[in-house]
Amino acid sequence: MRRFPGHRELLLYLKDYCEWFGLKEMIRFNTRVEYVGMLDFAKFGKDKWIIRSKDRKLNEKAREEVFDAVVVATGHYSKPRLPNIKGIYFDDMVIQVVVVVENSLSGTDISMELVDVGKEVHLSAKTLDISEGLSKVISKHHNLHFHPQVNSHSHFLFAFHKILHNHRIGTIQIDSLDEDGRVLFIDGSRITANSIIYCTGYSYTFPFLDTKGIVVVDDDRVGPLYEHTFPPSLAPSLSFVGIPRKLIGFPFFESQTKWIAQVLSGKRTLPSWDNMMQSIEEFYHSRDLADIPKHNTHDIANFEWIPPHLEDWRKDLCLAALRNAEADLETYRDSCDDHELLQVAHQSLHFTQLEPEAFAL
Ligand SMILES: Cc1cc2nc3c(=O)[nH]c(=O)nc-3n(C[C@H](O)[C@H](O)[C@H](O)COP(=O)(O)OP(=O)(O)OC[C@H]3O[C@@H](n4cnc5c(N)ncnc54)[C@H](O)[C@@H]3O)c2cc1C
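What counts and how
Residues numbered from 1 in each chain as written. Predicted model: local features only at pLDDT ≥ 70, side-chain atom pairs only at ≥ 80, totals over all residues. UniProt positions renumbered as here; feature names shortened; annotations may be inferred. Core = buried A, V, L, I, M, F, W, Y, C linked by C-beta atoms within 7 Å. Buried ≥ 20, exposed ≤ 12 C-beta atoms within 10 Å, placed from the backbone. Helix = DSSP H or I, 4+ residues; strand = E, 2+ residues; numbered from the N terminus. Axes fitted to C-alpha atoms, helices over the stretch in contact; angles between N-to-C directions. Parallel < 35°, antiparallel > 145°, perpendicular 65-115°, else oblique. Left-handed = near helix turned anticlockwise from the far one by under 90°. Contact = placed C-beta atoms within 7 Å. Arc of directions from axis to C-beta.

- Looking at an unreviewed UniProt entry, one finds the protein named Flavin-containing monooxygenase and attributed to Kingdonia uniflora.
- Looking at the protein in UniProt, the text filed under Cofactor (unreviewed entry) is "FAD".
- For the record of the protein, the UniProt heading Sequence similarities (unreviewed entry) holds the text "Belongs to the FMO family."

Focus on the nonpolar core
- Ranked by internal contacts, the top residues of the largest apolar core, which has 20 residues, are Val98, Val99, Val100, Val121, Leu123, Leu144 and Ala193.
- When contributions to this core are tallied by element, the ones reaching two or more residues are strand S6 (97-101), strand S7 (120-125), helix H4 (132-140), strand S8 (144-148) and strand S12 (195-198).
- Looking at this core element by element, the count peaks at 5 residues for S6.
- Within the second largest apolar cluster, 12 residues are counted, among which are Val222, Tyr226, Val241 and Ile243.

A look at the packing of helix H8 (residues 312-327) against helix H9 (residues 339-346)
- Here H8 crosses H9 at 150 degrees, and the two axes come no closer than 9 Å. Viewed along their axes, H8 and H9 adopt a mutual orientation that is roughly antiparallel. Of the two possible hands of crossing, H8 and H9 adopt the one that is left-handed. On the side of H8, the interface is formed by Trp313, Asp316, Leu317 and Ala320, while H9 contributes Leu341, Val344 and Ala345.

A look at H4
- Within the span of H4, buried status applies to Leu134, Val137 and Ile138. The arc that holds every buried residue of H4, seen down its axis, measures 100 degrees, which confines them to one face. The exposed residues of H4 that point more than 90 degrees off its buried face are Glu132 and Lys140.
- On its buried side, H4 packs onto helix H3 (105-114) and S8.

Here it is, written out as structure tokens:
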């Protein structure tokens, strides 16, 4: 049984989910929210929000409505976070020589797809600290060149990797790009690339949201937010879902939405403004002490946090997938050693209402 459904299947799942729980009627599709702001703060306080939205298909003027609460769940995958490189530009030329910048999840995934079609693929990274899976892929594909940025602490490791991977490793910190596709590296070397793919992530942006400066995005820190969710001065009428990154998203975001629903319906209360602010300050302070840059404020789990309320089989399946990916990037989606775990999962009512025999492996 496959462990990794494709995007089409996930879309069907979401559609079924909406259908089953009667959510479709509550969603206004094709509607763009253009403005969210407090309705005359002096008069109504923080509990009235004015929303201007527009149907994308109909050429009508924006509709204005007033709501008691707003939950911002607009994702953070629309504003690219680009590195600061002289001459940065995009093109769509034939794939021959490709430089992929950053070796996190997307960079690694895309490089894996490209090694079979590209003449040369150069993967640039901030660190030499790569997974066993990526190391195996580099050893196997002679057109995949790995270029970490090397600092004074990692010279020994760098030399070791060079020997291990037949010298297809060099420092790559990009200095500048030329119009003709030439890439100049800090160490003075050059290659001519057809394409450069930046897998450098995204930045937070809420162009529609006007909180009069109460919630700001500063170097990718959205704040102040209590537990990455409620801005103390505007809580509970304003909240955010989905801000944290680098974690197993869906269960975390589901917990956030349940918490918000409980607070808005009066079933739970938030701590006082002072206590929320203190908690935020303590969190920022702990990150500073750990030398974590401000732009990583919401990278809170490095994919290791799993909600405590999750059934053991879910956690174990998830961890098994992460371990497999770490060990072998080329096979982890198709070959797994978690069949016993899956049998346990099949017996859970949460997973299926069918009998386990229906899923014989
Ligand atoms: C390349 C990539 C691969 C990923 N792979 C995985 C994976 O394998 N597994 C996993 O669990 N997660 C994965 N993720 C993360 C996952 O996609 C997110 O965690 C998830 O989509 C977050 O859901 P969301 O609803 O918060 O935001 P989104 O899915 O981004 O949804 C936000 C929605 O809000 C809409 N919107 C934005 N602004 C407005 C506006 N002004 N008015 C109206 N609508 C607006 C957007 O159009 C969008 O439809 C991946 C992400 C990326 C980028």
